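This is what each chain is made of:
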Amino acid sequence: MSETSRTRRPLAVFDIDNTLADTAHRQHFLERRPRDWAGFFAAAPADPPLPRGVALAMESAADCEVVYLTGRPERCRADTLDWLDRHGLPEGRVWMRGNADRRPARLTKLDVLGRIARGRVVRMLVDDDELVCQAARAAGFTVLLADWAAEAPELKQAQEGEGRT
């Protein structure tokens, strides 16, 4: 497929943690005080895939260009790319949070989503964070709330209160 054809395809934008990857096994790193962010991110390569999210990404790849928008910091890029590849997810650009970016996820992701969407049609954003989904919906994006992972209250608080993922 030529680059011109590829860039005309609509985009399907997927979050990773608790949308494609099950973070339940590493939540304990966020339950202690102070939170163990190094341990939390170091354990990410062992995340099992979430079948519903993975299936949706695979289905979306049939007529969309799949891209990933994660709150993971840039320093986790190699592990993240390896995880996506190991679990057979569609190839696509991965947009990550800057290592020093501590804004709430709803602000960081909406900012990046705006950049992703320049000159492109975003068919949908799939994310587990309700506040990210609300902000994206208010900005005019079509959103699917990924509600198939177990509740992760410590992660939700960290996304909004600490800008860590």
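Coordinates for the structure precede this section.
Here's a quick rundown of the structure. Predicted model only: the values in this text are computed from it and were never measured. Throughout, a residue's number is its position along its own chain's written sequence, starting from 1. Only residues with pLDDT of at least 70 are given local features in this predicted model, and only at 80 or more are side-chain atom pairs given and counted; all residues enter the totals for whole chains, interfaces and linings. For side-chain calculations, the full set of non-hydrogen atoms in the structure is used, while hydrogens and water are omitted.

Things to note about the side chain of threonine 80
Logical step 1: With respect to the helices, strands and loops of the structure, threonine 80 is situated in helix α5 (residues 77-86).
Logical step 2: Residue classification places threonine 80 among the buried positions, given a relative accessible area of 1%.
Logical step 3: Polar contacts involving the side chain of threonine 80 include one to the main-chain carbonyl oxygen of cysteine 76, which spans 2.8 Å.
Logical step 4: In this description, contact between two residues means that some pair of their heavy atoms is separated by no more than 4.5 Å. Once you skip the residues sitting within four places of it in the chain, threonine 80 turns out to touch Ile16, Arg72, Val94 and Met96. Starting at the N terminus, helices and strands are each numbered in turn, a helix being any DSSP run of H or I of at least four residues and a strand any DSSP run of E of at least two. The buried label applies to any residue whose accessible area, calculated with a 1.4 Å probe on protein chains only, is under 20% of its type's maximum; exposed applies above 50%, and partly exposed to all values in between. Any pair of nitrogen or oxygen atoms within 3.5 Å is treated as a polar contact; in protein, a donor-acceptor pairing is required on top of that, and neighbouring residues in sequence qualify only through side-chain atoms on both sides.

Considering the pairing of strand β2 (residues 65-73)
Logical step 1: Taking burial as the measure, the nine residues of β2 include nine buried ones, the bulk of the element.
Logical step 2: Residue alternation in β2 divides its side chains into two sets, Glu65, Val67, Leu69, Gly71 and Pro73 and Val66, Tyr68, Thr70 and Arg72, and both sets are buried.
Logical step 3: DSSP calls a pair of strands paired once it identifies at least 2 bridges connecting them. Pairing geometry for strand β1 (residues 11-14) and β2, over four bridges, is parallel. Counterpart to valine 13 in the pairing with β2 is valine 67.
Logical step 4: Here β2 runs beside strand β3 (residues 94-97); their pairing, made up of three bridges, is parallel. Looking across to β3, one finds that tyrosine 68 is bridged to valine 94.
Logical step 5: With the strands pointing away from the viewer, any crossover whose connection runs clockwise from the first strand over the helix to the second is right-handed. In this fold, β2 hands off to α5, which returns the chain to β3; that crossover is right-handed.

With respect to the pattern of salt bridges
Should their charged atoms come close, side chains of opposite charge can pair.
Logical step 1: The rule for a salt bridge is simple: a side-chain nitrogen of Lys or Arg has to be within 4 Å of a carboxyl oxygen of Asp or Glu. A complete count under the given rule lists 16 salt bridges for this structure.
Logical step 2: We note a salt bridge from aspartate 127 to lysine 109, for which the minimum N-O separation is 2.7 Å. Of the two residues, aspartate 127 sits in strand β4 (residues 122-127) while lysine 109 sits in helix α6 (residues 105-117), which places them 18 residues apart along the sequence. Each member of the pair, aspartate 127 as well as lysine 109, is classed as buried.
Logical step 3: It is possible to trace a salt-bridge network through shared partners that takes in Arg97, Asp101, Arg103, Asp111 and Arg115.

Brief notes about the sheet that holds strand β5 (residues 143-145)
Logical step 1: Pairing is parallel across the open sheet formed by five strands, whose spatial order is β3-β2-β1-β4-β5. Of all strands in the sheet, those with a lone pairing partner are β3 and β5, marking the two edges. Between one strand and the next, the sheet's axes are offset by a mean angle of 20 degrees, whatever the strand orientation.
Logical step 2: Across the face of the sheet, α6 comes into contact with β1, β2, β3 and β4 while running at roughly 150 degrees to β2.
Logical step 3: Each axis is a line fitted through C-alpha atoms, taken for helices only over the stretch in contact, and angles between the N-to-C directions span 0 to 180 degrees. Each of β4 and β5 touches helix α7 (residues 130-138); the most contacted strand, β5, lies at about 165 degrees to it.

Considerations on the environment of leucine 69
Logical step 1: Structurally, the position occupied by leucine 69 is in strand β2.
Logical step 2: What makes leucine 69 buried here is its relative accessible area of 3%.
Logical step 3: Sequence separation of leucine 69 and valine 112 is 43 residues, and the distance between their C-alpha atoms is 7.9 Å.
Logical step 4: Ignoring sequence-local partners within four residues, the contact set of leucine 69 consists of Val13, Phe14, Asp15, Ile16, Trp95, Lys109, Val112 and Leu113.

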